[in-house]
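Listed below, chain by chain, are the residues.
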Amino acid sequence: MDQAAIINGVADHLADDQRVNALFLSGSFGRGEEGEFSDVDFVAVAAPDHHDDLMQAWRAALESLAPLIMWKRSYPSAPLINAITKD
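Because the structure is a prediction, the values reported are computed rather than measured.

Each value, and the rule that gives it
Residues numbered from 1 in each chain as written. Predicted model: local features only at pLDDT ≥ 70, side-chain atom pairs only at ≥ 80, totals over all residues. Heavy atoms only, no water. Helix = DSSP H or I, 4+ residues; strand = E, 2+ residues; numbered from the N terminus. Contact = heavy atoms within 4.5 Å. Polar contact = N/O pair within 3.5 Å; in protein donor to acceptor, adjacent residues only side chain to side chain. Pairing = 2+ DSSP bridges.

K.L.:
Residues and numbers for the environment of Ser38, please.
P.N.:
Tracing the backbone through its elements, the reader meets Ser38 in the loop between α2 (27-31) and β2 (41-45). Distance from Ser38 to Trp58, taken between C-alpha atoms, is 20 Å for residues 20 residues apart in sequence. If sequence neighbours within four positions are ignored, Ser38 has contacts with Gln3, Ser28 and Phe29. Here the side chain of Ser38 touches Ser28 through a polar contact of 3.3 Å, side chain to side chain.

K.L.:
Explain the pairing of strand β4 (residues 80-85) to me, and be specific about the residues and the numbers.
P.N.:
Note: strand β3 (residues 68-74) against β4, six bridges, orientation antiparallel. For Arg73, the partnering residue across the bridge sits in β4 and is Ile81. Linkage of β3 to β4, two consecutive antiparallel strands, is achieved through a turn of five residues.

Okay, structure coming up:
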């Protein structure tokens, strides 16, 4: 699966989710400097009381697109998810 399919799939999956106030591409895609092997970095803006449920929706969105081989949640100052798909 190419990066555009991941970007469009996640955006489509979360587009009508009222918990998402904004969804941005960051990293190389956000700067328009992506390459063939670039990863896809998203930033979602949501109220703190929606974080846990939204992270599950995010995971479901990714899993509907490609099998996950890693899912790691951490909380530096706000939730951070690192996910790697099989593709």
